[in-house]
Amino acid sequence: MYSFIEDDEYINKQTIWDQVCGALEKEIGGPRMTSVFSRVVPLGITQDGEFVVGVHNKFNHDVIQRFHADTIDVLLHDITGLDMRLRVETDSDLAESVLTNSAPLEIEQHGYDEPITPAEDAKISFDQKYTFESFVVGDTNNFAYSAALAVAEQPGLKYNPLFIWGGPGLGKTHLLQAIGSYITNSFPYKKVTYITTEELVNQFTSSLTTKDKNVTDYLRTYYRGADVLILDDIQFLENKQSTIDFFFHTFNDLKGRGKQIIIASDRSPGELKMNERYTSRFKSGLIVDIQPPTYEVRLAILKKYTSRLKIEFDYDAISYIAERSSGNIREMEGAITRSTAFAELSNKDRVDIKLIEIVTADYFLDQTKRPISIATIQKEVCRYYGISHTDLIGSKRKQDLVYPRHIAMYLCQELTDSSFPKIGDEFGGKDHTTVMHAAAKIKKKMSSENETYKQIQHLTNVLHNKPI
Ligand code: ADP
Ligand code: MG
């Protein structure tokens, strides 16, 4: 049994929990939020900083623990300013009594309570940065762009599936998100499901380990309930045979009922290490590729990107980046982020070529040195801050561990081609929203704290100059 501290005007469990849910809603949205969090009850806060919540079944317990606990820890810290950690209770007397007393909740034995129907889903929120309007079209991506727009305008009726492939940082996720946003806005009654393959693999394999048939059934019902299914980074399905089977059953079912499927991959279907029996299914729709942007397209993207910033960029400065970049747009954005941070730290209101030269001196990698791996970044960050790898990827919330962890996550996001879920996985199985939070935090800190900026620059130089 816990001994909880009394609520007061500063620390009130319900108010804190409402704020946590508000923040989570923005990030997760969708059915996962509705079905998992609508029945979580804050029970109290212990003397040693545990924020205890009660849930009504083991599956919700596992979902929260596995996918959301780290993010919630960060949110609790942000909201209260205290070092607070989440603890999830199932079936304890306490949880039971609170849960049974709080009508209209009903306690069920296991599994999700009822199949989720589109009508009761909260809408999945797509990243508003990634729209068709903000996508710069050029010779290297116009085919993919037009196909994406056609599918967004007439889901299920044009190309099905639409398969978009191309190298890292070329705009695949951007287009998928743009399709998702567009359909959500134009067809509010359609259920749009967006998932990265890493998340799908995680969900499916953890449903197998719970050995609860209800959970696997739930996943099946959930994905088959989609009107539009968007799957990012399908290359991560390679060698995951049980998830491959699960996905292609879903695929066949959806396609058979005229539901739209959109897939992104870093390789063409033929290059995926998957049975041809599966990959040939993609040929029934449209396969389009995105090529690295030419100099002109790079320049146009940089112009559009910097026009949204508070700081002005000289034309020379932008063309300097366009010239040196290998074409990975994520890398160009990283150069802009660092230049903006440097300008803000030195109170400049415009970025000129001199500033860019200083900031990006060791930034652009020549192609022979690629790629930097998550493991290399973790190793260097551990060495630099003098902490162990276990602590870096663990979940201890001491500031002298949390900060290096966030720095490492930021660098992985900027310098490797890994998606947020992949990075989360490599940091002890953390949720992708935790990585997003961490990266955003460091990005902001870089503009306000010289020390952070210098450390990021230093670590990048070390990483870029490492022989591989
Ligand atoms: P991928 O999924 O192919 O690895 P992303 O879609 O994540 O790449 O793109 C990386 C970054 O580059 C994103 O911030 C995205 O908005 C930006 N980007 C890519 N292509 C374009 C484009 N044609 N116009 C504007 N921004 C782009
Ligand atoms: Mg992507």
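From a predicted model like this one, the values you see are computed outputs, not experimental measurements. (Residues numbered from 1 in each chain as written. Chains lettered and ligands numbered in written order. Predicted model: local features only at pLDDT ≥ 70, side-chain atom pairs only at ≥ 80, totals over all residues. Heavy atoms only, no water.)

Enquirer: Got a minute to help me understand the overall build of the protein in this structure?
Expert: What the protein contains, in helices and strands, is 20 helices and ten strands. Burial status across the protein gives 54% buried among its 468 residues. Taking the intrachain contacts of the protein between residues at least 6 apart in sequence as the baseline, contacts between residues at least 24 apart amount to 77%. Total accessible area on the protein stands at roughly 21,000 Å², and carbon and sulfur atoms take up 50% of it. (Helix = DSSP H or I, 4+ residues; strand = E, 2+ residues; numbered from the N terminus. Buried < 20%, exposed > 50% of the residue type's maximum accessible area, 1.4 Å probe, protein only. Contact = heavy atoms within 4.5 Å. Areas by Shrake-Rupley, 256 points an atom, 1.4 Å probe, with all protein chains shown as cover.)

Enquirer: Would you mind going over empty space enclosed by the protein with me for this structure?
Expert: Unfilled space is identified by rolling a water-sized probe across the atoms. A complete count under the given rule lists five cavities of 30 Å³ or more for this structure. Estimates place the volume of the second largest cavity at around 90 Å³. Around the second largest cavity, the lining residues are Arg-66, Phe-67, Glu-199, Asn-202, Pro-421, Asp-425, Gly-429, Lys-430, Asp-431 and His-432. Secondary structure elements with two or more residues in the lining of the second largest cavity: helix 3 (58–80), helix 7 (197–209) and helix 18 (420–426). Residue composition of the lining of the second largest cavity, grouped by class: two nonpolar, three polar and five charged. (1 Å grid on protein atoms, 1.4 Å probe; cavity = no way out; pocket = protein on both sides within 12 Å on 5 of 7 lines; lining within 4 Å. Points joined across faces, edges and corners; volume = space filled by probe spheres on them. Nonpolar A, V, L, I, M, F, W, Y, C, P; charged D, E, K, R; others polar.)

Enquirer: Explain the sheet that holds strand 1 (residues 41–45) here, please?
Expert: Two modes of strand pairing occur in sheets, parallel and antiparallel, and in both the strands are linked by backbone hydrogen bonds. Strand order in the open sheet formed by three strands is 1-2-3, and the pairing between neighbours is mixed. Two strands bound the open sheet, and with one partner strand each, they are strand 1 and strand 3 (85–90). The average angle at which neighbouring strand axes cross in this sheet is 30°, direction not considered. Relative to strand 3, strand 2 (residues 50–55) runs parallel, the two being bridged by six bridges. Directly across from Glu-50, in strand 3, lies its bridge partner Arg-85. Here helix 1 (residues 13–27) sits on the sheet and contacts strand 1, strand 2 and strand 3; the angle it forms with strand 1, its principal contact strand, is near 125°. (Pairing = 2+ DSSP bridges. Axes fitted to C-alpha atoms, helices over the stretch in contact; angles between N-to-C directions.)

Enquirer: Looking at this structure, I do not really get the packing of aromatic side chains. What am I missing?
Expert: To describe a pair of aromatic rings, you give the distance between the ring centres and the angle between the ring planes. Going through the model one piece at a time under the given rule, you end up with 21 aromatic pairs. Here the aromatic rings of Phe-126 and Tyr-194 are separated by 6.0 Å at their centres, their planes lie at 90°, and the arrangement is edge-to-face. Taken as a pair, Phe-126 in the loop between helix 4 (93–101) and helix 5 (142–153) and Tyr-194 in strand 5 (residues 192–196) lie far apart in primary sequence, 68 residues in all. Of the residues examined, Phe-126 reaches a relative accessible area of 8% and is grouped as buried. (Phe/Tyr/Trp six-rings, centres within 6.5 Å; stacked < 30°, edge-to-face > 60°.)

Enquirer: What am I meant to see in the packing of helix 15 (residues 374–385) against helix 20 (residues 450–464) here?
Expert: Between two packed helices, what matters for the description is the angle formed by their axes and the separation of those axes. One can describe the packing of helix 15 onto helix 20 by two numbers: an axis separation of 11 Å at closest approach and a directional angle of 125°. For the element pair helix 15 / helix 20, the angle class is oblique. Along this stretch, helix 15 crosses helix 20, giving a crossing that reads as right-handed. Residues Thr-376, Ile-377, Glu-380, Val-381, Tyr-384 and Tyr-385 of helix 15 form the contact with helix 20, whose participating residues are Gln-455, His-458, Leu-459, Val-462 and Leu-463. Within the contact of helix 15 with helix 20, the residues separate by chemical class into seven nonpolar, three polar and one charged. (Parallel < 35°, antiparallel > 145°, perpendicular 65-115°, else oblique. Left-handed = near helix turned anticlockwise from the far one by under 90°.)

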